[in-house]
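# Architecture and fold: a report
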Amino acid sequence: MKSIHRSLPIIAASLACSGFTSAATENFDALRPGPPPAPWVGETTGAGTIKIVAVADPGKRNALELDSKEGRAHCLKSDVKIRDGYVEVQGKTMPAKSSRPDRPAEDPVLCSIGVIWRYQDPNNYYYLAAAGDNMHYFKRVKGVNTRIANSAVIKPRTGEWHTVRVEFTGSTIKVFLNGRELYTAADVIIDPGNLADDIRAPGAVGVWTSSRVTYFDNFNYGTRASAGYEDFENIYPPPASDKGADRHTTEDYASLGSLGPITAPWKFGSTSDASRAY
């Protein structure tokens, strides 16, 4: 699996709006032990396993277990399609020793608790992972992983439950670990000549790990209320007449046809250049 590791500066950016709707939580207690039923769909890169198991932790009954066999594994809520919203989950990686031939046998398995959003297919999605002493933000496009941002964190301990949360709107995300906000970042690694590189369409949500046995519980997700943003990276302030307005329109420009000059009702006014294209 080819990976490109390229870090960009973490930026401060305000999210388009603050409210969430359509929240739902899955604690897996109503599911029988064994392979997760539809609409849950699991995928691994090797001989890993994905199943519902009973857990003995206080206040918990069942959990979703992903054993990546030190490859990668994820499990998706395939009936959910979210563009802007949030995903949150509790996760616990079990202590173990590495079995990879490229690592000393005494190396411990690192905690690896992650979430996926805007999943289109196995080769196109975003994911966030608390792995070791870093919180990594990646996108996967055409099977290539690109790291967009990361932040050093106090290494989450294996054998303990941790909560990972990501809030996403347009190209911007806000990242949390155990209730603490870590950073805000934006995906600006988009090839303007290749629209397939933009994976901001609605997609499935789920969980992800690259460790051995990791349990997931209290999987929570929801959508962000539309604020009518155009995603121009806030290059112009809103007109005075729009301040405080309750707008509910999103324009993705797919209906404007082939690339070229913008069309009505879009218009651009300038004293030097009256031509603008999309």
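See the structure above.
Now for a description of the structure that goes with this document. Nothing here was measured: the structure is a model prediction, and the numbers come from that model. Each chain has its residues counted from 1, following the order in which its sequence is written. Local features in this predicted model are restricted to residues of pLDDT 70 or higher, and side-chain atom pairs are both shown and tallied only at a pLDDT of 80 or more, whereas totals for entire chains, interfaces and linings draw on every residue. Side-chain metrics in this entry use all non-hydrogen atoms of the structure; hydrogen atoms and water are not considered.

### Digging into the overall build of the protein chain
- Think of it this way: any DSSP run of H or I at least four residues long counts as a helix, any run of E at least two long counts as a strand, and we number them from the N terminus. Within the protein chain one finds 0 helices and 16 strands.
- Buried, partly exposed and exposed residues are distinguished by accessible area as a fraction of the type maximum, computed with a 1.4 Å probe on protein chains only: under 20%, between the cut-offs, and over 50%, respectively. By residue count, 43% of the 278 residues in the protein chain fall in the buried class.
- Put simply, of all contacts in the protein chain between residues at least 6 apart along the chain, 66% involve residues at least 24 apart.
- Only the protein chains shown count as cover for residues, and all accessible areas are computed by the Shrake-Rupley method using a 1.4 Å probe. As presented, the protein chain carries roughly 14,300 Å² of accessible surface, and 52% of it is formed by carbon and sulfur atoms. Residues are treated as being in contact if the distance between any of their heavy atoms lies within 4.5 Å.

### Thoughts on empty space enclosed by the protein
- Both site types are read off a 1 Å grid over the protein atoms alone. A 1.4 Å probe that fits but cannot get out defines a cavity, while an open set with protein on both sides within 12 Å along at least five of seven lines defines a pocket; lining residues have an atom within 4 Å of a point. Grid points are joined across faces, edges and corners, and a volume is the space filled by probe spheres set on the points. All chains considered together, the criterion is met by 1 cavity of 30 Å³ or more.
- Approximately 30 Å³ is the volume attributed to the largest cavity.
- Lining the largest cavity are Trp 117, Arg 118, Tyr 126, Tyr 137, Phe 168, Gly 170, Ser 171, Thr 172, Ile 173 and Asp 187.
- Sorting the residues of the lining of the largest cavity by element identifies β8 (112-121) and β13 (172-177) as the ones contributing at least two each.
- Split into classes, the residues belonging to the lining of the largest cavity amount to 5 nonpolar, 3 polar and 2 charged. By the convention adopted, Pro, Cys, Tyr, Trp, Phe, Met, Ile, Leu, Val and Ala count as nonpolar, Lys, Arg, Asp and Glu as charged, and the other residues, Gly among them, as polar.

### Here's the deal with the environment of Asn 134
- Mapping Asn 134 onto the fold places it in strand β10 (residues 134-141).
- A sequence separation of 21 residues divides Asn 134 from Lys 155, and the C-alpha atoms of the two residues are 7.3 Å apart.
- The term polar contact refers here to a pair of N or O atoms within 3.5 Å; inside protein, the definition further demands a hydrogen-donor-capable atom paired with an acceptor-capable atom, and it admits residues adjacent in sequence only when both atoms are side-chain atoms. Side-chain polar atoms of Asn 134 contact the side chain of Asp 133, separated by 3.0 Å.

### Brief notes about the pattern of salt bridges
- What counts as a salt bridge is simple: a side-chain nitrogen of Lys or Arg found within 4 Å of a carboxyl oxygen of Asp or Glu. Enumeration over the complete set of coordinates arrives at 12 salt bridges.
- Each of Glu 88, Arg 165, Glu 167 and Arg 224 takes part in salt bridges that share partners, so that together they form one network.

### Digging into the packing of aromatic side chains
- We call Phe, Tyr and Trp rings a pair once their centres come within 6.5 Å, taking the six-membered ring for Trp, and we label the pair stacked below 30 degrees between planes, edge-to-face above 60, and tilted otherwise. A full pass over the atoms with the stated rule returns 11 aromatic pairs.
- Linked through ring pairs, Tyr 119, Tyr 125, Tyr 127, Phe 138 and Trp 208 together constitute an aromatic cluster.
- Geometrically, a charge over a ring is one whose NZ (Lys) or CZ (Arg) sits within 6 Å of the ring centre while staying within 35 degrees of the ring normal. If you follow Lys 60 out to its NZ or CZ, it ends over the ring of Trp 161, 4.5 Å from the centre.
- Looking at Arg 165, its charged tip hangs above the ring of Tyr 86, at a distance of 4.3 Å from the centre.

### Side note on the nonpolar core
- Nonpolar cores are built from buried Ala, Val, Leu, Ile, Met, Phe, Trp, Tyr and Cys residues. Side-chain atoms within 4.5 Å join them into one set. Counting residues in hydrophobic clusters, the biggest one holds 41 residues, and the most contacted among them are Leu 64, Trp 117, Leu 128, Met 135, Tyr 137, Tyr 183 and Phe 219.
- Examining the composition of this core, we find that 4 residues originate from one element, strand β6 (residues 73-82), more than from any other.
- Apart from the residues lying within four places of it in its own chain, the contact partners of Leu 64 are Phe 28, Pro 36, Ile 50, Lys 51, Ile 52, Cys 75, Val 207, Thr 214, Tyr 215 and Phe 216.
- By size, the runner-up hydrophobic cluster in this structure holds 9 residues, among which are Ile 116, Ala 129, Ala 204 and Trp 208.

Nothing here speaks to function; it is all geometry.
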